[in-house]
Each structure stands twice: as C-alpha cells, then as structure tokens.
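# Descriptive analysis of the structure
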Amino acid sequence: MAAGPGTEALAFRQLRDLVATQEALLEQLRLRIVIQEENFVHKEDYEAIVKKLEKEEEEHSKTKTLLAKEAEKLQFALGEIEVLSKQLEREKQIFEKALSNVKSKVLRESTKKDKLISKCNEIESHIIKQEDLLNDKENEIKELQQFITKQKQTLKTQVSDLKIQKQQESYIAQVLKKKQKKGLK
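Numbering of residues starts from 1 in each chain and follows the order in which that chain's sequence is written. Thresholds applied to this predicted model are a pLDDT of at least 70 for local features of residues and 80 or more for the giving and counting of side-chain atom pairs; totals over whole chains, interfaces and linings are not thresholded and use all residues. With hydrogens and water stripped out, all remaining heavy atoms of the structure feed into the side-chain values.

### Some words on a nonpolar patch on the surface
Here a patch means residues that are over 30% exposed by relative accessible area and free of salt bridges, tied together within 9 Å if like-charged and within 5 Å if nonpolar (Val, Leu, Ile, Met, Phe, Trp, Tyr). Residue exposure ignores everything except the shown protein chains as possible cover, and the areas themselves are Shrake-Rupley values with a 1.4 Å probe. By salt bridge we mean one thing: a side-chain nitrogen of Lys or Arg within 4 Å of a carboxyl oxygen of Asp or Glu. A cluster of nonpolar side chains, Tyr-171, Ile-172, Val-175 and Leu-176, forms an exposed patch at the surface whose accessible area comes to about 390 Å². Numbering goes from the N terminus for both helices and strands, where a helix is a DSSP run of H or I of at least four residues and a strand is a run of E of at least two. Relative to the elements of secondary structure, Leu-176 occurs in helix α2 (residues 43-184).

The following block contains the structure:
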C-alpha cells in the first residue's frame, strides 16, 4: 500500500502540529517550573520556620499564662482597691461629720468667748468707773480728814483756851473768895 503525496503532507502537518503542541506544552511546563522554583521553600528553611513558629507558639502560651496570672492579680488588686475606696469613703464621711461637729463646737465656743470678752469689757468698764468713784471718795475722805484735823486742832486750841479760861476763872473765883473771906472777918 503506497502512501500518496497527500498522505505524506497530511502526516507531516500532523507531525508538525504535534511538535508545536508539544513545544507549547514544554513552554508551559518550563513556566510552571520557574514559578514553582520561585515559590519553592527549601526543606531546611521550612523546618527552621516551623521550629521558629513552634517556639513562638510556646512563648505565646507562656505569655498567655503569665497574662492570665497578672490579670488575676489585677482583679484581686482592683477588688482590694474597691474595698479600700469604700473604707476610705466611710472614714471620710466619719471625719467630715467629726470636723463638722468640731466646727460647730468651735463656733459655739467662739460665740461664748466673745460674750465672755464683752462681759469682761463691761466689768472692766464698771471697775474703772468704780475705781474713779473710789478715787473721788478717797479724795473727799482726805479732804474731810484734813478738815477734821483742822477742826481737831481748832477744838484743841478752843479746849485749851477754855481750860485756861476756866483755870483763870477758878483762880479769880478763889481769889475773890479769899478776899471775901478776908473782907468778912
């Protein structure tokens, strides 16, 4: 069976199409290999990254545990702060009430003190008036004492004069009596 010129040309064309298709496939495969080589990770690099990831996960786990412990401590501290804040508020209210009582007492005592000072000033003023009156009375007494002393001196002089006069009169009377007696004899 002899092949005709048409058959050879057809076979040649088919072979040529097959070669072109295979070359296209080879080009696609080369492109895939280039892309895969770009995306390819070496086993050592992959294992190092996996190790690093495992280490980071372990560190993350430790950090998470530490965070949980610290969060628990924080919650405890916040609870204590709340208790202490309430206690501080109660103590503040007690202090403010005591301070208010002290202020009221100070105000009452201050008013009382002011009244006492006013009363003392009145008493002091009264004492000054009384002292002035006493001084006036003392001056009056001194004047009276001087007057009495002068009166005494005057009376003493008058008494002395009267005594002398009485003695003179008594002497004159005696002399007259003697004269009368002599004159009668």
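### Side note on the pattern of salt bridges
All chains considered together, the criterion is met by four salt bridges. Salt-bridge contacts for Glu-70 lead to Lys-73; the nearest nitrogen and oxygen are separated by 3.5 Å. In this pair, Glu-70 and Lys-73 are both assigned in helix α2, three residues apart and thus about one turn of the helix distant. Two residues, Lys-86 and Glu-82, come together in a salt bridge whose shortest N-O distance is 3.5 Å. With Lys-86 and Glu-82 both in helix α2 and four residues apart, this pair spans about one turn of that helix. Remark: exposure states derive from per-residue accessible area (1.4 Å probe, protein chains only) relative to the maximum for the residue type, with buried under 20%, exposed over 50%, and partly exposed in between. Note on Lys-86: relative accessible area 49%, which makes it partly exposed. Since its relative accessible area comes to 47%, Glu-82 is described here as partly exposed.

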